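Read off the chains here:
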Amino acid sequence: MAIHWITEENEKRIDALLAEMTLEEKIGQMRQPGPSLVGAFEVSFEELLDMRFDGKISDEEFQKMMSSVKMDYREEEVKAGKVGSFNGVSGAETVNAIQENALQSRHKIPLLFGMDVIHGYKTVYPIPLALAGSFEPELYRRAAEMAAEEASAAGVHWTYAPMVDVARDARWGRISEGAGEDTYLASVFAVHTVQGFQGEDISDGKHIIACAKHFAAYGGAEAGRDYNTIDISEQKLREVYLPPFEAAIKAGVGTLMPAFNDISGVPCSVNHQLLTEILRDEWGFEGFLISDANAIDECVNHGIAEDRKDAARQSVLAGMDMDMSSDCFFQNLEQLVKEGKVAEAEIDQAVRRILRLKFALGLVDQPIRTNTEREQETMLKPEFRALAREAAEKSIVLLKNENEALPLAGGKTLALIGALAADGEQMLGAWAMGGDGEACVSVKAALEAARQPFTWISGRKEDGSVDSEGIRTLCGQADIVLVAAGEQKEESGEAASRGELSLHPEDRDILRLVKESGKKSVLLLFNGRPLVLTEEVELVDAILECWHPGTEAGNAIVNILTGKVNPSAKITASFPAAVGQCPIYYNHTSTGRPAGKGKFTSKYLDIPVEPLYPFGYGLSYTSYEYANLKAEIREEAFQIEVTVKNTGERAGEEAVQIYLQDVAASRVRPVKELKAFEKVALEAGEQRKLCFTIPVAEMGFYSAGAVAAKPARIVESGLFRVYAGGNSRDTLCTEISYAEL
Ligand code: BGC
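Residues numbered from 1 in each chain as written. Predicted model: local features only at pLDDT ≥ 70, side-chain atom pairs only at ≥ 80, totals over all residues. Heavy atoms only, no water.

1. Overview of the packing of aromatic side chains
- If you walk through the whole model with that rule in mind, you get 20 aromatic pairs.
- Grouping aromatic residues by their ring pairs yields a cluster made of Phe135, Tyr184, Tyr586, Phe615, Tyr659 and Phe677.
- Stacked on the ring of Phe330, the Lys or Arg Arg31 has its end atom at 4.0 Å from the ring centre.
- The ring of Phe600 has Lys599 sitting right over it, with the charged end atom 5.8 Å from the ring centre. (Phe/Tyr/Trp six-rings, centres within 6.5 Å; stacked < 30°, edge-to-face > 60°. Lys NZ or Arg CZ within 6 Å of the ring centre and 35° of its normal.)

2. Describing the sheet that holds strand S20 (residues 637-646)
- The three strands are arranged S19-S20-S23 in an open sheet whose pairing can be described as antiparallel. Of all the strands in the sheet, the pair left with one neighbour each is strand S19 (624-634) and strand S23 (687-695). Between one strand axis and the next, the sheet turns by 15 degrees as a mean value, whatever way the strands run.
- With nine bridges joining them, S19 and S20 adopt antiparallel strand pairing. Across the sheet, residue Glu625 finds its bridge partner in S20, namely Lys645. (Pairing = 2+ DSSP bridges. Helix = DSSP H or I, 4+ residues; strand = E, 2+ residues; numbered from the N terminus. Axes fitted to C-alpha atoms, helices over the stretch in contact; angles between N-to-C directions.)

3. Some remarks on the pattern of salt bridges
- One pass over the structure, following the stated rule, counts 57 salt bridges.
- The residue Asp116 makes a salt bridge to Lys213 at a minimum N-O spacing of 3.3 Å. Remark: Lys213 occurs in strand S7 (residues 211-215) and Asp116 occurs in the loop between strand S5 (112-115) and helix H7 (128-132); sequence separation between them is 97 residues. For the pair formed by Asp116 and Lys213, the shared burial category is buried.
- Taken together, the shared-partner salt bridges connect Glu136, Arg142, Glu390, Lys394 and Lys679 into one network. (Salt bridge = Lys/Arg side-chain N within 4 Å of Asp/Glu carboxyl O. Buried < 20%, exposed > 50% of the residue type's maximum accessible area, 1.4 Å probe, protein only.)

4. Examining the site of the ligand
- Around the ligand lies a shell formed by Asn87, Asp116, Tyr160, Arg174, Lys213, His214, Met257, Phe260, Asp292, Ala293, Met324 and Glu494.
- Between the ligand and His214, the relevant distance is 2.7 Å, taken from an oxygen atom to a side-chain nitrogen or oxygen of the residue.
- The separation between an oxygen atom of the ligand and a polar side-chain atom of Glu494 is 2.8 Å.
- Summarising the interface, the protein chains cover 89% of the accessible area of the ligand, which totals 310 Å² for the free molecule.
- Considering only residue class, the shell around the ligand consists of five nonpolar, two polar and five charged. (Near = heavy atom within 4 Å. Polar contact = N/O pair within 3.5 Å; in protein donor to acceptor, adjacent residues only side chain to side chain. Areas by Shrake-Rupley, 256 points an atom, 1.4 Å probe, with all protein chains shown as cover. Nonpolar A, V, L, I, M, F, W, Y, C, P; charged D, E, K, R; others polar.)

As C-alpha cells, then:
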C-alpha cells in the first residue's frame, strides 16, 4: 500500500510551525549541506578529489590528508535552525550527536540525514543493473528492505535511490545504477525498490525514505557522456523516461531528485514543466524535491542563470524544495523574497513539503531513533549475508557455455588468474559508500573456504604488464583456467563514461595466452556496464557475467561454478557488438528500411547491426523450450498463455518474457516492448502453462498532436503481435486483432 504523506493532523502541526518560523529558519529547512572539512590543507574536498584523480597526489597521500582533517558538522548553524538536512553522514553516534544540536534550535525541528544507499549499506548486494536481471520483483523489495534496516540502524533516514533512469548507452557509467534499457522493467524495479526501502509503515524506525532519481532522461545523455545534454521529443520523454518515475510516485516514493542535465535547453533543476506541471499537477506528487549535488549552482554553467541568485530564483519557482550542496538557496532566497522576486508563499510551500516527510517519518516525535548497540547488532547479520548471496546468485549471467566448461567437473586441476579474483573490495561496485570492503568475499577466498585446490596468480608483473611466462607455466599445469577480468569499481558509476568498451588490452592478452595453451577456460567478468566482448567470446569456452556482485561475491560465484546453483539471470541492457552501435536497445522504433542484405538498409558497412547479446539474454545449465503461444483479447486485456518446458537434466529457473508490438499505428511504434514477465522454477523435464493478463491500455502511446494539446495515452484498433521467449530475440510469435470498444 502506498504511503500518503499528507495527513490532516500533520498539516495542522505544520501550519503552527510555519506561523512561528522566521524566513531564515524556513530557508534553513530547504538547505542540505555536506559536512565541511577542517584540516591541515587549504583545498576543498572536491579539489582534493580532483588532485587524486589527476594523479597529483597518491592514494597514500590522500588517505594521510584525510586522516588529518576533521568533519565540521556546522554546530552553530544547526543550533540556529539554519540547516534542514545533511548529506552523506552516517553512524549512530555521529548522527545522534548532530541531532542533539538540532534539538537545541528554537523549534527543535530534527535534521533529516540522507545518504546514497544504492545497493546495500554495510551488507552490499549486486549493483542494480545486475539485480534487475534476476527478474524477481520480490528480490528487489527484500534487498532494499535489508539496506533500509542497516542504514536506519546507522542513523540514515533517507536514501537517494532507486535510480530509475532508463539507460540505453553502455558508454554511460551510470547504467550500472539502474535497471537497464527497458521502461517496463525499470518501472517494476522502481515500485518494488521503493516499497522495500519505505515499507508499509515509514515511521517504524526500520525503513527509510526513498528518492526516485534523476528526474528526468539523465540516462539519455548524448554520446553516453555523463552530465551531457539531451534533446528529445515530448512523446519519447513521456513514453520512455517518465513512466518509472510515475510508477515510483504511485508506489508512494517520498522524494524525487531532478537530474543534472538539460532537456531540450532547459536544465531539469529549473524545469517548471517537469517539476510542477507534470510532477505535481498531473501526477499529484506529495513529497519533496531535492536538487542533485550542486546542480542549482551549475545552472550558471549551463548559461541559463546569470548568477547563483538567479539560479536560486529560477529553481525555487520551478518547484525545487531542497538545495543539495550548492547553498544557492540559503544565500539568496531571503533577499529574493525581500525584493519581491520570490513570494514567501513559495518558500512556505517547499518547507511544508519537507516538514511533511519529517512528521510522517516520526522524526519530529522521535528524533533519536537508533543507538550504537542497535547499529552493531544490525550490520552484516547472517541473514543479510544470506540474502546478499541469494541476490548475487540470481544476478550472475551465464553468457556462454561450450565444451561442457561449466559447471566445473570434479577432480580437475584449477588455475585462477587475475587481481579481481583476489580483491574483495572491488566486488562492492561504484556506489557502495557504507559498504564494508573487508567483509567482501573474493573468488579466491571462497575457493579456499570451499577447500577447492587451485593456484592463483594475478597475471601481471609489478609494472602492470602481462606476466606471460607465469601464465604459460600455470596453464601448462592446469585442466581448466578461470580468468577474472573487467572493470575496477571506479570504472563505472558517476562520471565514469567510457569511449571503449572492450576488456583492457592486458586482460585480452591474458585471454589470448590462455587460448594458446589449449586449456578449457572460463572468463569471470566483473563490470558495471555491458562490455563489447566480440573478440573475447572467441577466446574462452564460457563466460560468467558476475557484474559487481557485492559482499557475498565469491561464495555466489563458487556456487555457480560448481553447479550448486544453476544460473538464471538475464542481461537487462544489450551487449553491443561494437562501440559504434551505442546507443543500442531492443525496443527501438521501426525504420522504413530495416537492416537487411541490400545496400540501402539501416545498417553499418563495417560492424554488425545486431548486438552481441540482446536484452533478456542469459543461459542456464539446463535448457527450456517454449510452445503453444496463444493470445486473445478479453475484458480489454491481452490474455496470453504459453507453455515452458525444462528440456535439460537439471532443475532451473527461467525468466519468461512477454513482448508486444503494435504493428500499425498513427505513430511509429517500437518493434517489441516487454510488457510482462514471470520467473518459473522447473524441475528437469517439467513443463508449465503460464498465463498473463496485460491490459490493452499498457500499449497506449502519445499521438503526435496529443502531447501539446492534452497529454493523453491512446490505444488504436488494429493488429498486435505477441512474443514469448527467454530473451528479446529468440521468441515465439502470434498475432491478434484489437478493436476499440
Ligand atoms: C549524484 C546523485 C547522488 C548525489 C549525492 C550526485 O553527484 O548525481 O545521484 O545522489 O551526488 O551523493
